[in-house]
Structure formats: C-alpha cells, structure tokens
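# An overview of the molecular structure
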Amino acid sequence: MQLAKSGISSSDASGAAVPVSAAADASATPAEEGPSPARAAGLVNDAGAPTGEELGAQHGSLRLPVNVNVRGLTLGVIATVAFVFGLQWAKNFFVPLLLGIFIAYTLSPIVRWLERWHIKRAIGASVVTALILAGLALTVQRVQGEIFNIVDELPSITHKVSKMIMQASDGQPSTIQQVQAAAAEIEQAAANAGASRHAPARRGPPPGAVSPSQTPGSSNFRVMDWLLAGSMGLASFISQATMVVFLVFFLLLAGDTFKRKLVKLTGPSLTRKKVTVHILEDINTSIQNYMFMLLVTNALLALLMWGVLRAVGIENAGAWAIFAGVTHVMPYFGSLLITAVTGLVAFMQFESLQMVVLVAGASLAIATLVGMVVTTWMTGKFAKMNPAAVFVSLLFWGWLWGMWGLLLGVPVVVVIKVVAERVEGMEVIAELLGE
C-alpha cells in the first residue's frame, strides 16, 4: 500500500483514500477516461480547483458562497439614503397626509353604515366630520378651566424650582448659574475680539465686581422672542390640523374611488387585480383594527388615570388624564413620559417624596396594565406583529419624524407588512415583521 502525501484525502466510490493532489491530477485526464471520483463527489470543479465542500472539509467548517453585486448594492444604498432624506425633508407634507389617510380609514365604516340607511355619502361625510369636531370642541371646553389653571400656576412652579435649586446649592453658585456665567464670558470675549483691532482692549471688571451681563435684572432671554416662537408653532399646528380635517373630509367623500383607480392601474391581468384588491382590503382591515385598538386603550387609560389622580387629590386631574391618554398613543415612550410628568406634578403640589412615589407608581402601573396587557393582546390579535421589529421601527420613525413618527410608525409598519405578504420578492420583509 502506498501512503498519500500531505493534504486532505477523499474517498472514491470503492471507499479507498484518494489524495487531493491525486484528485486534481485525475481531473486533468482525458474525457474518455470518465469523470474522476473527486469531481464526481463534488470536491473539485472542472478546472481541478477545490470547491466549497473541500475547503470546508480542510478548515473544519462549511462555507456559504455569497455573490455580491457591488454596483447594484451601491445604487441601492444611495437610493435608500436619498429616500430617507426625502422623507425627513418633506415631513410637513407626509405627516398630515398619513394622519388624514389613517383617520379616514378609521371613519369610513361609519359613512358606509349611514349609506345603508339611504343617506348620501356627501351628507354622511359632513355629519361624521362635524361630529368629530364637535366632540373635540366639547372636550376642550370641559377641561378649559383646568388647562388655564395649569397655565396660571406656571409662575409659582418656576418659583418653587428656583427655590429648590438655591436651597440645594447652599449659597454657592449652582451649576446652571456657572454655565450661564461661562456663556456670558465667552460672548463678551467674542464681542471684544472684533473691536480689538480698532480700539484698545477693555479691561474686565475687578475681582469681586459683578459684570453687567450678570446683574440680577439683566438676561439674554427675550420674552417677545419666546412669544413669537410659540405663536409660530401654534399657527403651524392649527394650519396642519386644518389640512388634516379637510383631507379626512375629502377622502370620506371620495369613498372607494382611489381603490378602484389603483386596481385599474395594476394592468389588464385578472390575477394582478385580485392581488391588489386583497392588499387594499387587508390594509383597510389592519388600519381600522389598529386605530380602534388605540381608541379603546387610550380612552381606558384616560379614565383610569382620572379616577386615580382625583382619588389621590391631584389638582386639574381631568387635564392630566387627557394628557396621559394622548401621550399613550406613542408606544413604549408614552408610558415613561406619563410616569415622569405625573411624578413631577405630585412633587410640585405636595413636595413629598412619598406622594411622588405613590402617584408615579400608580401611573406606571396603569400604563403597564393597559399597554402591556390590553394593547399587547389586541395588537397580537389584529396585527400579528413581531414586538422587536415594531420597537426597532419605532426607533427609526421617531428619529425621522419625532413625536409624529412614534404615532404613525406602527400603522406604517402594518401597511408595509401587508404589502410584503402579497408582493413577490418581499417575503424577507414579511418574515422579519411577522410573529
């Protein structure tokens, strides 16, 4: 018997050991001698080079060959970055559009129900829109006094905060005061740098003296600038809310017009039309179920918060309960914000750590009960989403659009999942988003 040389040996059909070098030499034999045992076993290719299985056998593990199209990958990355930048740049357009579409999807069953009672769609859409606006106005009117009380208490809250900061500093300059003093010195140095070329340098105040920028009555904060910024923000919110109301009305008035147009644009193929109809129906059902779930859970949380805050003795409990119900629209982050705000309100009112723990703990318990039990159960029943994928998508949409991204992120992901389940080539996305 002749021993094989260095290298990993492979076995032929009869079980005898065949060296790799011998397999490579055998692959170079003429075609009439037939394929070599190593080539027949898939250990070498037609050129005699070891294949992936042979390399895996040499290194003790198998390797998965991956073919990367560098040009296509580069174009895909560039297109994705441009698309994300476009979404962020056109935030003021896409946020009212998506919000109006989702609200219209939610209210469309009511309009269809009115049509069954022989009420025209135009009248039904007008009635539904008017009732929604009237309900919002009535709610604001009921809590208007409590909202004004909160605004009136802002000066006293500011006084309490400044008093606590002064007591915590023990007569020494606080961190905020030190930062303000450093900022004032940097600003003074920058202002003197421009005048140093034409005028002699100004001496600073003697040690122990108070500079004009640090006098008690001086401040770089301008009330008019703050009022102007607040007025601009309020005007922008009112304009976007008006656009959403009109968009909801026109979408309710249009009915299934756009759905029929989308089905028509898919082409003459009957299969494509059926797939498009199924996608639109699934989107419609998913959005309606999700918005219904939001309405039920947030209303339940607001009622529970109102009862608990009123029982504890928190002032303006109705306004804070509505704030909690609106904030809970943001998954995960809303519960943390509710806990922090209610704890701060309890501290400002009672100035007791025990009351802070009680109110914050009760708020966290209610948010956890509603969010983790009711919302999770209803979301799993309606959307069947992967919680980890939903959380990652919320991080992305929150980074992209802020608070509005946290609100609209889940419906957008639900729509993407529904489309991915029906469109060929998007199975990977559907699998990642599904349970």
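One way to put it is that helix α12 (residues 270–312) packs onto helix α17 (residues 403–422) with a least axis distance of 9 Å and a crossing angle of 155°. Relative to α17, the element α12 is oriented roughly antiparallel. Pair α12 / α17 crosses with right-handed handedness. Between α12 and α17, the contacting residues are Val275, His278, Ile279, Asp282, Ile283, Ser286, Ile287 and Tyr290 on the first element and Val410, Pro411, Val414, Val415, Val418, Val419 and Arg422 on the second. In terms of residue class, the contact of α12 with α17 is made up of 11 nonpolar, two polar and two charged.

Turning to the side chain of lysine 417, a few remarks are in order. With respect to the element layout, lysine 417 can be found in helix α17. Exposure remark for lysine 417: the relative accessible area of 8% places this residue in the buried category. At 2.7 Å, the side chain of lysine 417 forms a polar contact with the side chain of glutamate 421.

Counting residues in hydrophobic clusters, the biggest one holds 41 residues, and the most contacted among them are Phe102, Leu252, Trp397, Trp401 and Leu408. Those elements giving two or more residues to this core turn out to be α4 (70–89), α5 (91–116), α6 (121–142), α10 (223–254), α12, α16 (387–401) and α17. The biggest single contributor to this core is α5, with nine residues. Counting residues in each nonpolar core, the second largest holds 18 residues, with Leu309, Val345, Ala346 and Ala367 among its members.

Our next topic: the pattern of salt bridges. Applying the stated criterion across every chain yields a total of three salt bridges. Across the salt bridge formed by arginine 422 and aspartate 282, the nearest N and O atoms sit 3.0 Å from each other. Placement of the pair is arginine 422 in helix α17 and aspartate 282 in helix α12, with a sequence separation of 140 residues. For aspartate 282, a relative accessible area of 25% translates into the label partly exposed.

What follows concerns the side chain of threonine 327. Among the structural elements, threonine 327 can be located in helix α13 (residues 317–327). Owing to a relative accessible area of 6%, threonine 327 belongs among the buried residues under this scheme. One polar contact links the side chain of threonine 327 to the main-chain carbonyl oxygen of phenylalanine 323, over a distance of 2.6 Å. Look past the residues within four positions of threonine 327 in its chain and what remains in contact with it is Gly334, Leu337 and Ile338.

Turning our attention to the environment of isoleucine 101. Tracing the backbone shows isoleucine 101 in helix α5. Of the residues examined, isoleucine 101 reaches a relative accessible area of 25% and is grouped as partly exposed. When the C-alpha atoms of isoleucine 101 and valine 248 are compared, they prove to be 6.8 Å apart, with 147 residues separating the residues in sequence. If sequence neighbours within four positions are ignored, isoleucine 101 has contacts with Leu247 and Leu251.

Let us now look at α16. Three- or four-residue spacings in an α-helix give side chains the same orientation, since the helix completes a turn every 3.6 residues. With 15 residues, α16 ought to run about 21 Å at 1.5 Å a step, and its terminal C-alpha atoms sit 21 Å apart, in line with that. If you check which residues of α16 are buried, you get Ala389, Val390, Ser393, Leu394, Trp397, Gly398, Leu400 and Trp401. Considered in projection along α16, the buried side chains sweep an arc of 165° and stay on one side of the axis. Opposite the buried face of α16, at more than 90 degrees from it, the exposed residues are Val392 and Trp399. Next to the buried residues of α16 lie α4, α5, α17 and α18 (427–433). Directly beyond the C-terminal end of α16, a positive phi value near 70° is found at glycine 402.

Conventions we followed
- In this convention, every chain numbers its residues from 1, walking through the sequence in written order.
- This being a predicted model, a pLDDT of at least 70 is required before a residue's local features are given, and a value of 80 or more before pairs of side-chain atoms are given or counted; all residues contribute to the totals for chains, interfaces and linings.
- Derived side-chain values reflect all non-hydrogen atoms in the structure, with water molecules and hydrogen atoms excluded from consideration.
- Simply put, an axis is a line fit to the C-alpha atoms, just over the touching stretch for a helix, and the angle between two N-to-C directions goes from 0 to 180 degrees.
- Counting from the N terminus, the helices are the DSSP runs of H or I reaching at least four residues and the strands are the DSSP runs of E reaching at least two.
- For classification, angles of less than 35 degrees are called roughly parallel, those exceeding 145 degrees roughly antiparallel, those between 65 and 115 degrees roughly perpendicular, and all remaining angles oblique.
- The sense of a crossing depends on the near helix, which, turned anticlockwise from the far helix by less than a right angle, makes the crossing left-handed and, turned clockwise, makes it right-handed.
- Contact criterion: two residues are considered in contact whenever any of their non-hydrogen atoms come within 4.5 Å of each other.
- Nonpolar residues are Ala, Val, Leu, Ile, Met, Phe, Trp, Tyr, Cys and Pro. Charged residues are Asp, Glu, Lys and Arg, and all others, Gly as well, are polar.
- Whether a residue is buried, partly exposed or exposed follows from its accessible area with a 1.4 Å probe, protein chains only, as a fraction of its type maximum: under 20%, in between, or over 50%, in that order.
- Two N or O atoms count as a polar contact when they lie within 3.5 Å, although within protein this holds only if one can serve as hydrogen donor and the other as acceptor, and sequence-adjacent residues are included solely when both atoms are side-chain atoms.
- Here the nonpolar core consists of buried residues drawn from Ala, Val, Leu, Ile, Met, Phe, Trp, Tyr and Cys, with membership extended through side-chain atoms lying within 4.5 Å.
- Any carboxyl oxygen of Asp or Glu within 4 Å of a side-chain nitrogen of Lys or Arg constitutes a salt bridge here.
- Expected span of a helix, by definition, is 1.5 Å for each gap between consecutive residues, and there is one gap fewer than residues.
- Note that the arc is computed from the directions linking the helix axis to the C-beta atoms.

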